[in-house]
Amino acid sequence: MMLDRTQRRGTVLPWKAGHETRAGNGSDPQQDKARRFRDAALPYLDDVYTLARYLLRDSGDAEDAVQECYLRALRHFDTFRGPAIKPWLFAILRNVCRSEFVRRSGVLHYVNHSVDGETDNDEDARPLWQEPQGSPETEVLQERDAETIRRLVAELPQPFREAIVLREINDLSYREIADVVGVPVGTVMSRLARARSLLRAAWVAEEGRPT
Amino acid sequence: MTCNEVLLHALLDNELDASNAREVEAHVEHCPRCAPQLRAFRGLRQAMPAAQLQFTAPASLRRRIEKAFPAAAQRLPSRRSMLKGFVMGTALSTAMAASLVVAVVRTDQDQRVLGDIVSAHVRSLQADHLTDVRTSDQHTVKPWFNGKVDIAPPVVDLTAKGFMLLGGRLDYIDGQTVPSIVYRRRTHVINLFVAQGASSTTGEARLQTVQGFNIQRWTARGLEFFAISDVNAEELREFVEKFEAALHPVRKT
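Since the structure is predicted, the reported quantities are computational estimates derived from the model, not experimental observations. (Residues numbered from 1 in each chain as written. Chains lettered and ligands numbered in written order. Predicted model: local features only at pLDDT ≥ 70, side-chain atom pairs only at ≥ 80, totals over all residues.)

Things to note about the packing of helix α4 (residues 45–56) of chain A against helix α8 (residues 158–169) of chain A
All names here are of chain A.
Move 1: Packing of α4 against α8 brings their axes to within 10 Å, and their N-to-C directions diverge by 155 degrees. For the element pair α4 / α8, the angle class is roughly antiparallel. For the crossing formed where α4 meets α8, the hand is right-handed. When α4 is examined against α8, the residues T50, L51, Y54 and L55 are found in contact with a partner set consisting of R161, E162, V165 and I169.
Move 2: Looking at the contact of α4 with α8, its residues break down into five nonpolar, one polar and two charged. (Axes fitted to C-alpha atoms, helices over the stretch in contact; angles between N-to-C directions. Helix = DSSP H or I, 4+ residues; strand = E, 2+ residues; numbered from the N terminus. Parallel < 35°, antiparallel > 145°, perpendicular 65-115°, else oblique. Left-handed = near helix turned anticlockwise from the far one by under 90°. Contact = placed C-beta atoms within 7 Å. Nonpolar A, V, L, I, M, F, W, Y, C, P; charged D, E, K, R; others polar.)

Here it is, written out as structure tokens:
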């Protein structure tokens, strides 16, 4: 999926417009804030939920995290300066998920990976993956159903999974991903490259698996 | 230029400026190592359409979050709360659409928008939700939209021209709250959806037929218009002409 950046830059910012048109409504400011927040943030509920599903890999936990994310976001909506609300929501969700990881195991899996992601010692790294040079690049990928692709993505180690979900499924730019994750753009680029190699290798390996 | 895998991804992701993109492309063309790699990653991307990998938030979660907004949802004007159930139903059916607003190429988006418009039209006929503000007075309908949507949709009364103004309604199209102006032609309802246009150019009206409904779609004054109805294509075209004709001589904002 190629994306037309210019078109995306040209999109309107409804929450900003909402800010102006609704400011003069005369209702109490708390209500007004909540309403503006709802109009701006609720359309992204599915995106936030999607990211939560991939990060937490559990639908119940994802729901709780998304709810917490929206509550926190509403509380801090005053500090939101734009330009885009989606990455901002993602960053909050990511913090919520981090707390969830701490709660789950008492171990900081989430942040405890090498910055460049060049090591394979993540909790869920499996021997299934090979280095990119091991995977035949001429091979045409067999079509997979959504369920299988979701699983393959979900099985990627955390930093790579996150990078590919933000890029491919949530359609963030490198800059936005860097802001959400809190790493330099260069790191985003190398993680994404690695993520795609891992995913492709897993995809190819999947073909040998009985279905 | 030397081989750099990361740049291949940047090229794939449209993250390179024009001159760098040209340079990488020129390199890839002649590089036995990079060319298959780029093809491979392109293939991977094609094999994983984002729309399929999205999850849809459960309705219960949406409700929980809506409820959590302090008072805002509850103490809105009554027509708004009346609308709420409706919007939520719509939100559900457009769940996928809402989340992909910026993510999808134009044609996909068009398909989805049209799909949403048909659904909204059908619902407006089924439920008792044809209008949120019910009046044939254009000067009542237009201000009613103030503060509810980000645009000021033009409202004209075409009763004398054979299209009776019934009122206005808010709907939910492609993840956004969109005004609809409701007209009647004999026993047929015409919903006119007005959305923020992508450009300020004026575009010819085009007819499309989706699920048997005729949709006339055009752009003018920076807005995008979708007129949908079960009236025949000819009468719908007539509606568009009358509507535009009624606006043009006045040219007021």
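Quick word on the confidence of the model for chain A
The predicted coordinates of low-pLDDT regions are not to be read in fine detail.
Residue and element names in this part refer to chain A.
Move 1: Across chain A, the average pLDDT comes to 75, with 69% of residues at or above 70.
Move 2: Here residues 1–26 scores under 50 on pLDDT; set against residues more than four positions off or in separate chains, the count is 38 contacts.
Move 3: Of the regions scoring below 50 in pLDDT, residues 107–135 engages in 39 contacts with residues more than four places distant in sequence or in other chains. (pLDDT = per-residue confidence, 0-100.)

A closer look at the environment of B:L38
Residues and elements named next belong to chain B.
Move 1: By secondary structure assignment, the location of L38 is in helix α3 (residues 34–47).
Move 2: The class for L38 is buried, based on 21 C-beta atoms found within 10 Å.
Move 3: Along the backbone, L38 and E5 are 33 residues apart, and their C-alpha atoms lie at a distance of 8.6 Å.
Move 4: L38 has contacts with L8 and V28, leaving out every residue within four places of it along the chain. (Buried ≥ 20, exposed ≤ 12 C-beta atoms within 10 Å, placed from the backbone.)

Describing the sheet that holds strand β7 (residues 223–229) of chain B
Residue and element names in this part refer to chain B.
Move 1: Reading across from one edge, β1-β2-β3-β4-β7-β6-β5 is the order of the seven strands in this open sheet, with antiparallel pairing throughout. Every interior strand has two partners, whereas the edge strands, β1 (133–134) and β5 (203–210), have only one.
Move 2: Helix α10 (residues 233–247) contacts β3 (176–185), β4 (188–196), β5, β6 (213–220) and β7 of the sheet and is inclined by roughly 25 degrees relative to β6. (Pairing = 2+ DSSP bridges.)

Considerations on the pairing of β6(B)
Residue and element names in this part refer to chain B.
Move 1: As paired strands, β5 and β6 are joined by six bridges and run antiparallel to one another. Its bridge partner being in β6, R206 is matched across the sheet by R217.
Move 2: Two strands pair when backbone bridges link them, and β6 and β7 are joined in this way by seven bridges, in the antiparallel orientation. By the bridge assignment, A220 is partnered in β7 with L223.

A few points about the packing of helix α10 (residues 185–206) of chain A against helix α1 (residues 5–12) of chain B
Move 1: At a minimum axis distance of 9 Å, the contact between α10(A) and α1(B) shows a crossing angle of 90 degrees. Viewed along their axes, α10(A) and α1(B) adopt a mutual orientation that is roughly perpendicular. Across the interface between the two elements, A:M189, A:S190, A:L192, A:A193 and A:R196 from α10(A) touch B:E5, B:V6, B:H9 and B:A10 from α1(B).
Move 2: Residues that form the contact of α10(A) with α1(B) fall into these classes: five nonpolar, two polar and two charged.

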